[in-house]
Amino acid sequence: MSDDRAERIADFIEPLRVRPGSKVRLERDFDPRYKAGMKKRDGTELLRTGVSLLAEYQERLAAQDTYGVVLCLQALDAGGKDGTIRHVMSGVNPQGVRVNGFKVPSSDELDHDYLWRYAKRLPSRGEIAIFNRSHYEEVLVVRVHPEVLLRQKLPEDVLGSDIWDRRYREINRWEHYLTDNGFKVVKIFLNLSEEEQRIRFLKRIDRPEKNWKFSAGDVRERRRWDDYQHAFSEMLSATSTKWAPWYVVPADRKWFARLSAGAILAHTLMDIDPQYPDVGEEARKDLLVTKRALEKEAPAGAEPDPYAARHGKSRGKPKKKRG
């Protein structure tokens with residue numbers, strides 16, 4: 001991690017990281033309103049800086065074409081996943097980023113193992129794939145709603161009480177396999193308080209332009225708040241690993257959640273430290289031949305190479321105008 005900004009980013013996100021092997025209780029260990037002593041004005045400015053930083057490193061990631069990144073976003077309803085993606089990724093090249101949303105599995109998806117549909121949407125090398133909800137739905141929604149598990153057509157002899165521990169192990173191994181093959185896995189849980197969720201639901205009802213986002217099913221899920229808190233706590237405890245750590249991002253303040261998510265993704269890219277490929281001596285000679293040919297095509301009065309001229313690398317003066 002060569003960039004001198006990396007250390008500051010690492011210090012900023014460290015309180016959000018779930019230490020591998022720790023036993024997490026969300027209500028005890030992570031405050032949804034935490035903001036690191038910052039003000040919104042400062043956070044907004046830092047987010048703009050972070051977006052620029054992400055754009056720089058994403059371009060290098062694509063050019064190197066060696067690593068890929070999987071960003072998993074988990075949250076309860078109204079947690080801010082869509083807004084986080086929209087703001088954090090606003091400055092990057094959309095050709096290098098794919099956003100994948102995972103809804104209720106189709107009949108075809110249910111005919112495969114539970115990780116199959118997620119594996120199908122992994123990034124290529126040089127890409128960032130965002131999972132808006134992810135394979136962790138398989139130990140969250142499926143755990144809170146046992147009827148969903150029954151629809152997965154599993155053999156009866158695997159439907160024991162240890163199924164969640166087995167899935168944790170399987171997910172950890174899968175993520176280790178991905179990282180061993182050059183695909184970094186970064187996982188963010190947007191931690192929303194129960195009261196802030198209530199307020200956001202009311203806002204969706206009160207504002208006509210937000211009505212489309214409201215679902216009565218979201219309110220029904222809210223009644224399972226304690227079940228979800230338990231499932232999230234167990235998941236974070238069992239699957240935050242050295243190779244694929246979880247970060248619990250306080251989500252009551254949207255600006256801080258977006259800043260934190262951007263910093264976590266930037267930290268991942270800076271840790272990879274992708275480099276532009278070296279084209280080699282022969283290729284460089286060919287480039288110089290092409291450069292000279294293009295310089296000779298400069299119209300009268302124009303710099304042979306305007307970019308080089310602006311950066312103090314010009315090889316010659318502009319031609320004099322004819323006539």
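Per chain, residues are indexed from 1 in the order of the written sequence. Where local features are concerned, this predicted model is filtered to residues with pLDDT of at least 70; where side-chain atom pairs are given and counted, the filter is 80 or more; whole-chain, interface and lining totals use all residues. Note that water and hydrogens are dropped before the side-chain values are worked out from all heavy atoms of the structure.

*Asks:* Would you take a moment to explain the nonpolar core for this structure?
*Replies:* Ranked by internal contacts, the top residues of the largest apolar core, which has 42 residues, are Val69, Met89, Ile128, Ile130, Ile188, Leu190 and Ile264. Secondary structure elements follow DSSP: runs of H or I of four or more residues count as helices, runs of E of two or more count as strands, with numbering from the N terminus. Ranked by residue count, the leading element in this core is helix 13 (residues 254–272), at 12 residues. The contact criterion used throughout is that any non-hydrogen atoms of two residues lie within 4.5 Å. Setting aside residues no more than four positions away along its own chain, Ile188 makes contact with Leu71, Cys72, Leu73, Gln74, Trp246, Tyr247, Val249, Ala261 and Ile264. Working definition of a nonpolar core: buried Ala, Val, Leu, Ile, Met, Phe, Trp, Tyr and Cys residues. They are joined through side-chain atoms within 4.5 Å. Think of it in three bands: with a 1.4 Å probe and only protein chains considered, a residue is buried below 20% of the maximum accessible area for its type, exposed above 50%, and partly exposed in between. Grouped together as the second largest cluster of nonpolar side chains are 38 residues, Leu178, Val185, Met235 and Ala244 included.

*Asks:* Would you take a moment to explain the pattern of salt bridges for this structure?
*Replies:* Pairs can form between side chains of opposite charge once their charged atoms are near each other. When a carboxyl oxygen of Asp or Glu is within 4 Å of a side-chain nitrogen of Lys or Arg, the pair counts as a salt bridge. Inspection of the entire model under this criterion finds 25 salt bridges. Between Asp29 and Arg28 there is a salt bridge, with the nearest N and O atoms lying 2.7 Å from each other. The class of Asp29 is partly exposed, set by a relative accessible area of 35%. Through salt bridges with shared partners, a single ionic network connects Glu56, Arg60 and Asp273.

*Asks:* Mind showing me how you'd approach the sheet that holds strand 1 (residues 68–75) here?
*Replies:* One key point about sheets: their strands pair by backbone hydrogen bonds, in either a parallel or an antiparallel sense. At least two bridges found by DSSP between two strands is the condition for calling them paired. Taken together, 5 strands build an open sheet; the order of strands is 2-3-1-4-5 and the sheet is parallel. Two strands lie at the open edges of the sheet, namely strand 2 (97–101) and strand 5 (246–250), each paired on one side alone. Across the sheet, the mean angle from the axis of one strand to that of its neighbour is 20 degrees, orientation sign disregarded. Each of strand 1, strand 4 (183–191) and strand 5 touches helix 12 (residues 225–239); the most contacted strand, strand 5, lies at about 140 degrees to it. For helices, the fitted axis covers only the stretch in contact; all axes are lines through C-alpha atoms, and the angles between them, taken along N-to-C directions, range from 0 to 180 degrees.

*Asks:* What's the story with the confidence of the model for the chain in this structure? I'm lost.
*Replies:* A low pLDDT means the predicted coordinates there should not be read in detail. For the chain, per-residue confidence averages 92 on the pLDDT scale, and residues scoring 70 or more make up 96% of the total. Per residue, pLDDT captures the predictor's confidence, and it can take any value from 0 to 100. Contacts for the low-pLDDT stretch residues 316–323, under 50 throughout, to residues beyond four places or in other chains number 15 contacts.

*Asks:* What is the right way to read helix 3 (residues 40–64) from this model?
*Replies:* Because an α-helix completes one turn every 3.6 residues, residues spaced three or four positions apart along the sequence face the same direction. Each residue after the first adds 1.5 Å to the expected span of a helix. For helix 3, built from 25 residues, the straight-helix expectation of 36 Å at 1.5 Å per residue is met to within 8% by its first-to-last C-alpha distance of 36 Å. Along helix 3, the residues that are buried comprise Gly43, Leu47, Val51, Leu53, Leu54, Tyr57, Gln58, Arg60 and Leu61. Where helix 3 is buried, its residues touch helix 1 (6–13), strand 1, helix 4 (81–88), strand 2, strand 3 (128–132) and helix 13. At the exit of helix 3 stands Asp65, carrying a positive phi of roughly 60 degrees.

*Asks:* Could you clarify how one ought to interpret unusual backbone geometry in this entry?
*Replies:* Positive phi outside glycine occurs at Ala78, with the angle close to 70 degrees. Structurally, Ala78 can be placed in the loop between strand 1 and helix 4. Among the residues examined, Ala78 registers a relative accessible area of 9% and is labelled buried. Its identity as a non-glycine residue notwithstanding, Arg133 has a phi of 70 degrees, on the positive side. Mapping Arg133 onto the fold places it in the loop between strand 3 and helix 7 (141–144).

*Asks:* Can you walk me through the pairing of strand 5 in this structure?
*Replies:* Walk down a regular strand and you will see the side chains alternate between the two sheet faces. Counting buried residues in strand 5 gives 5 out of 5 residues, a clear majority hidden from the surface. Residue alternation in strand 5 divides its side chains into two sets, Trp246, Val248 and Pro250 and Tyr247 and Val249, and both sets are buried. Relative to strand 5, strand 4 runs parallel, the two being bridged by 5 bridges. By the bridge assignment for strand 5, Lys187 is matched with Trp246.

*Asks:* Sorry, what's going on with the packing of aromatic side chains here?
*Replies:* When we look at a pair of aromatic rings, we describe it by the centre distance and by the angle of the planes. Aromatic pairs are defined between Phe, Tyr and Trp rings, using the six-membered ring for Trp, whenever the two ring centres lie within 6.5 Å; interplanar angles under 30 degrees are classed as stacked, those over 60 as edge-to-face, and all others as tilted. For the coordinates displayed, the defined rule picks out 8 aromatic pairs. For the pair Phe12 and Phe256, a centre-to-centre distance of 5.8 Å together with 65 degrees between the ring planes defines the contact as edge-to-face. Within this pair, whereas Phe12 is found in helix 1, its partner Phe256 is found in helix 13, the two being separated by 244 residues in sequence. A single burial state applies to Phe12 and to Phe256, both of which are buried. Here Phe102 and Phe131 contribute two aromatic rings whose centre-to-centre distance is 5.1 Å and whose plane-to-plane angle is 75 degrees, an arrangement assigned as edge-to-face. Of this pair, Phe102 sits in the loop between strand 2 and helix 5 (107–110) while Phe131 sits in strand 3, placing them 29 residues apart in sequence. On the basis of relative accessible area, Phe102 is assigned to the buried category, the value being 4%. The rings of Phe12, Tyr34, Trp255 and Phe256 are connected pair by pair, giving a single aromatic cluster. The rule for a charge over a ring is simple: NZ of Lys or CZ of Arg within 6 Å of the ring centre, and within 35 degrees of the ring normal. For Arg60, the ring lying beneath its charged end belongs to Tyr57, and the centroid distance is 4.3 Å. If you follow Arg167 out to its NZ or CZ, it ends over the ring of Tyr114, 4.1 Å from the centre.

*Asks:* Even after reading the chapter, I still don't get the packing of helix 3 against helix 13, so can you show me in this structure?
*Replies:* When two helices pack together, their arrangement is given by the angle between the helix axes and by the axis-to-axis distance. Contact pair helix 3 / helix 13: the axes reach a minimum separation of 9 Å and the direction vectors enclose 30 degrees. Regarding the angle of helix 3 to helix 13, the classification is roughly parallel. Here the hand of the crossing between helix 3 and helix 13 comes out left-handed. Across the interface between the two elements, Lys40, Gly43, Leu46, Leu47, Leu53, Leu54, Tyr57, Gln58 and Leu61 from helix 3 touch Trp255, Arg258, Leu259, Gly262, Leu265, Ala266, Leu269, Met270 and Ile272 from helix 13. Gly is put with the polar residues, along with every residue not named as nonpolar or charged; the nonpolar set is Ala, Val, Leu, Ile, Met, Phe, Trp, Tyr, Cys and Pro, and the charged set is Asp, Glu, Lys and Arg. Its residues assigned to classes, the contact of helix 3 with helix 13 comprises 13 nonpolar, 3 polar and 2 charged. Oblique is the label for any angle not under 35 degrees, not over 145, and not in the 65 to 115 range, which are roughly parallel, roughly antiparallel and roughly perpendicular in turn. Each crossing is labelled by how the near helix is turned from the far one, with a counterclockwise turn of less than a right angle marking it left-handed and a clockwise turn marking it right-handed.

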